[in-house]
Amino acid sequence: MADTAQAQELVYLVTGGCGFLGEHVVQMLLQREPRLRELRVFDLHLSPWLEELKTGPVQVTAIQGDVTQAHEVEAAVAGAHVVIHTAGLVDVFGRSSTKTIYDVNVQGTQNVIDACVQTGTRFLVYTSSMEVVGPNTRGHPFYRGNEDTPYEAVHSHPYPRSKALAERLVLEANGRKVHGGLPLVTCALRPTGIYGEGHQIIRDFYHQGLRLGCRLFRTIPASVEHGRVYVGNVAWMHVLVARELEKREELMGGQTYFCYDNSPYKSYEDFNMEFLGPCGLRLVGTRPLVPYWLLVFLAALNALLQWLLRPLLLYAPLLNPYTLAMANTTFTVSTDKAQRHFGYEPLFSWEDSRSRTIRWVQTTGSAQ
Ligand SMILES: NC(=O)c1ccc[n+]([C@@H]2O[C@H](COP(=O)([O-])OP(=O)(O)OC[C@H]3O[C@@H](n4cnc5c(N)ncnc54)[C@H](O)[C@@H]3O)[C@@H](O)[C@H]2O)c1
Ligand SMILES: CC(C)CCC[C@@H](C)[C@H]1CC[C@H]2[C@@H]3[C@H](O)C=C4C[C@@H](O)CC[C@]4(C)[C@H]3CC[C@]12C
């Protein structure tokens, strides 16, 4: 690949390419990977915006498919040079069964690895999550840690468990011989809480705030730091890793990297106010307005109601014991591993990330 540097010769496959992160990865590849010949976008649900991409210089191939179906994955992977595997079931609210989460996140990832091995695709980038590390349900803080910081990772919830299992599969597959005899080179990116254009939860908070008279009520102490990273920078990191894996396979193969940028360290709610404030909302209270024991009780009540109502309807509110533990436990990263290993620098400054997100909330928020 390296010799014919700028020729348009590469075929990339992005699984989950129509999701929140996947869409940004697709757009970033089209803008920033000059060697791209074909971009395959594989997703369970194809988005209409894909049609607009089909008129550009790069061949964009939309593939409606399911990562749990090995034959569909293999057909999509065949002939691709690089796979960026972002498809996943992101569910910390109890919307899907444990089995479904495992099928998509673990078996789906295994299918992607097997397809690479069988078809001879050598480079696999996996979107993991900060949650393979933490926060754990014991509430231990991870304060500005890096990839080597010791931490007791205890996974009680199906989503982080599935991401941790899938990440292990990907890392263990590094070095396996693919069809043709060359080694597979894999690595895993671990974003913290991603924000930016397309982030559904921020939109939900915005609408909740509008319903409450342009107010939100503080529930988490301002001192609890929650790591966040802008979607454009996460996408950029994926593109860079995919590009550099071939040149630095010894160094990068089998590695994990937190996704980071210059977004400030704040509590989950204070961080959201960086966007919701300029959209007219205010956060009431300098301290939590509800005592913590009451939040714990309400979260447990929600879990009980979810279980009781399951035969009749899906009750999946934002607050449950797991999301409360996540929001209420400090988890922030401070690392330069990606910069050292493959020269990553955030493409978007904090100011830019913030204003892009505000603009998006303003334009799409009121339309809901
Ligand atoms: N959103 C975050 O804050 C965050 C943080 C860390 C890691 N991640 C990881 O990033 C990845 C993308 O997350 P996201 O926030 O964009 O989620 P998303 O739900 O917006 O996107 C996931 C995409 O995967 C697709 N998908 C789901 N099941 C599939 C299947 N069986 N076959 C094919 N496609 C399927 C969905 O249709 C969707 O387009 C996930 O792997 C997630 O675990 C997300
Ligand atoms: C006390 C409650 C009212 C506040 C509820 C907030 C809750 C919905 C938020 C808090 C933290 C959020 C998660 C965090 O940003 C990181 C990730 C990692 C990623 O892999 C998937 C998304 C997820 C779990 C965020 C989901 C929403 C959470 C739990």
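What counts, and where the lines are drawn
- Residues numbered from 1 in each chain as written.
- Chains lettered and ligands numbered in written order.
- Predicted model: local features only at pLDDT ≥ 70, side-chain atom pairs only at ≥ 80, totals over all residues.
- Heavy atoms only, no water.
- Helix = DSSP H or I, 4+ residues; strand = E, 2+ residues; numbered from the N terminus.
- Buried < 20%, exposed > 50% of the residue type's maximum accessible area, 1.4 Å probe, protein only.
- Contact = heavy atoms within 4.5 Å.
- Patch = residues over 30% accessible without salt bridge, like charges linked within 9 Å, V, L, I, M, F, W, Y side chains within 5 Å.
- Areas by Shrake-Rupley, 256 points an atom, 1.4 Å probe, with all protein chains shown as cover.
- Salt bridge = Lys/Arg side-chain N within 4 Å of Asp/Glu carboxyl O.
- Pairing = 2+ DSSP bridges.
- Right-handed = clockwise from strand over helix to strand, strands pointing away.
- Phe/Tyr/Trp six-rings, centres within 6.5 Å; stacked < 30°, edge-to-face > 60°.
- Near = heavy atom within 4 Å.
- Polar contact = N/O pair within 3.5 Å; in protein donor to acceptor, adjacent residues only side chain to side chain.
- Disulfide = S-S within 2.5 Å.
- UniProt positions renumbered as here; feature names shortened; annotations may be inferred.

Caption draft 1: Representation of the overall build of the chain. Looking only at helices and strands, one finds 13 helices and 13 strands in the chain. Taken over the C-alpha atoms alone, the chain extends approximately 60 × 40 × 35 Å along its principal axes. Residues counted as buried form 51% of the 368 residues belonging to the chain. When contacts within the chain are restricted to residue pairs at least 6 apart in sequence, those whose partners lie at least 24 apart make up 79%.

Caption draft 2: Fine view of a nonpolar patch on the surface. A cluster of nonpolar side chains, contributed by Trp293, Phe297, Leu298, Leu301, Leu304, Leu305, Trp307 and Leu308, occupies part of the molecular surface with about 840 Å² of accessible area. Here leucine 304 lies in helix α10 (residues 292–309). You can call leucine 304 partly exposed: its relative accessible area is 43%.

Caption draft 3: Highlighting the pairing of strand β1 (residues 10–15). Burial within β1 is extensive, with six of its six residues counted as buried. Bridge analysis of β1 against strand β2 (residues 36–43) gives six bridges, and the strand direction is parallel. Counted as the bridge partner of tyrosine 12 is leucine 39 from β2. Handedness of the crossover joining β1 and β2 through helix α1 (residues 20–32): right-handed.

Caption draft 4: Looking closely at the packing of aromatic side chains. All chains considered together, the criterion is met by 15 aromatic pairs. Centre to centre, the rings of tyrosine 230 and phenylalanine 348 are 5.2 Å apart; their planes meet at 75 degrees, and the pair counts as edge-to-face. With tyrosine 230 in strand β10 (residues 228–230) and phenylalanine 348 in the loop between α12 (337–342) and α13 (350–365), this pair connects stretches of sequence that are 118 residues apart. Note on accessibility: tyrosine 230 and phenylalanine 348 belong to one class, buried. When the centroid spacing of 5.0 Å and the interplanar angle of 90 degrees are considered together, the rings of tyrosine 257 and phenylalanine 342 count as edge-to-face.

Caption draft 5: Layout of the site of ligand 2. Taken together, 16 residues lie around ligand 2, and Ser129, Glu131, Tyr159, Gly193 and His226 are the ones closest in. In the model, an oxygen atom of ligand 2 is placed 3.2 Å from a nitrogen or oxygen of the glutamate 131 side chain. Contacts to ligand 2 include tyrosine 159, whose side-chain N or O atom sits 2.6 Å from an oxygen atom. For ligand 2, whose accessible area on its own is 630 Å², the fraction buried by protein is 89%.

Caption draft 6: A look at the site of ligand 1. Taken together, 25 residues surround ligand 1, and among them Leu21, Asp43, Asp66, Tyr159 and Lys163 come closest. Here an oxygen atom of ligand 1 and a backbone polar atom of leucine 21 are 2.8 Å apart. A distance of 3.0 Å separates an oxygen atom of ligand 1 from a polar backbone atom of isoleucine 194. For the shell around ligand 1, the secondary-structure elements that each account for two or more residues are α1, α5 (158–173) and β8 (193–195).

Caption draft 7: Region of the structure containing the state of the cysteines. Across all of its chains, the model carries zero disulfides by this definition. Looking at the unpaired cysteine 259, the closest cysteine sulfur is the one in cysteine 187, lying at 9.7 Å. With no disulfide of its own, cysteine 279 has cysteine 214 as its nearest cysteine by sulfur position, at a separation of 10 Å. Look at cysteine 279 and you get buried, because its relative accessible area is 13%.

Caption draft 8: Expanded view of the UniProt feature "domain: 3-beta hydroxysteroid dehydrogenase/isomerase" (unreviewed entry) in the chain. As recorded in UniProt, the sites labelled "domain: 3-beta hydroxysteroid dehydrogenase/isomerase" (unreviewed entry) are residues 13–283. This span, residues 13–283, is 38% helix and 20% strand, and a straight line between its end C-alpha atoms measures 42 Å.

Caption draft 9: Seen up close, the UniProt feature "transmembrane region" (unreviewed entry) in the chain. Cross-referencing UniProt, the feature "transmembrane region" (unreviewed entry) maps to residues 289–309 in the present numbering. Each end of residues 289–309 is marked by a C-alpha atom, and these two atoms are 29 Å apart; helix forms 86% of the span and strand 0%.

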